[in-house]
Amino acid sequence: MSLDSLKQEATNHNTSPQRLRELAAINDELTRLVTANPLAESSLLGELAIQARTNKDVEMQRAIASNPNTPTQWLIGLAYLFPEEFFSNQAYDLSIFEKYQHLF
């Protein structure tokens, strides 16, 4: 399979969560695309958030902050770095601050 077809698969909203996990393991470019896919599972996004923080991959962190499936603790953790992405995330809800207010 060509890299272009893999990229299309990574951004396609019909790609299965399992296939997105497989694509994310291929290379960093595909991983960044997978993190923006709204079908990426929260468990995968949590794993990729750790990877992105470790590698200081700003673009991957930005995509994770925008993804509505990002686990809340990671979403809160990325809010200060990417406030625009955080507040425009469909999962954003002020009630999450109540549970995590001890972090602020």
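Our subject in this report is the structure included herewith. The shown structure was predicted, so the numbers you read here are calculated from the model rather than taken from an experiment.

## Some words on the side chain of Glu85
Then, in step 1: Checked against the element boundaries, Glu85 lands in helix α7 (residues 83-88).
Then, in step 2: A relative accessible area of 15% places Glu85 in the buried class.

## Regarding the packing of helix α1 (residues 3-11) against helix α2 (residues 17-24)
Relative placement of two packed helices is described by the angle separating their axes and the distance separating the axes.
Then, in step 1: It is at 9 Å that the axes of α1 and α2 come closest, and there the two elements cross at 135°. Accordingly, the angle class assigned to the pair α1 and α2 is oblique. Note that α1 runs across α2; the crossing there is left-handed. The residues of α2 that touch α1, namely those facing Leu6, Glu9 and Ala10, are Arg19, Leu20 and Leu23.

## What to know about the pattern of salt bridges
Then, in step 1: Counted according to the given criterion, the structure contains seven salt bridges.
Then, in step 2: Between Glu29 and Lys7 there is a salt bridge, and its shortest N-O distance comes to 2.8 Å. Within this pair, whereas Glu29 is found in helix α3 (residues 28-36), its partner Lys7 is found in helix α1, the two being separated by 22 residues in sequence.
Then, in step 3: Judged by its relative accessible area of 36%, Glu29 falls in the partly exposed class.
Then, in step 4: For Arg62, the salt bridge identified is with Glu59, shortest N-O distance 3.7 Å. One end of the pair is Arg62 and the other is Glu59, both in helix α5 (residues 58-66) and three residues apart, which spans about a single turn.
Then, in step 5: Each member of the salt-bridge network shares a partner with another, and the members are Glu9, Arg19 and Glu22.

Definitions and cut-offs
- Residues numbered from 1 in each chain as written.
- Predicted model: local features only at pLDDT ≥ 70, side-chain atom pairs only at ≥ 80, totals over all residues.
- Heavy atoms only, no water.
- Helix = DSSP H or I, 4+ residues; strand = E, 2+ residues; numbered from the N terminus.
- Buried < 20%, exposed > 50% of the residue type's maximum accessible area, 1.4 Å probe, protein only.
- Axes fitted to C-alpha atoms, helices over the stretch in contact; angles between N-to-C directions.
- Parallel < 35°, antiparallel > 145°, perpendicular 65-115°, else oblique.
- Left-handed = near helix turned anticlockwise from the far one by under 90°.
- Contact = heavy atoms within 4.5 Å.
- Salt bridge = Lys/Arg side-chain N within 4 Å of Asp/Glu carboxyl O.

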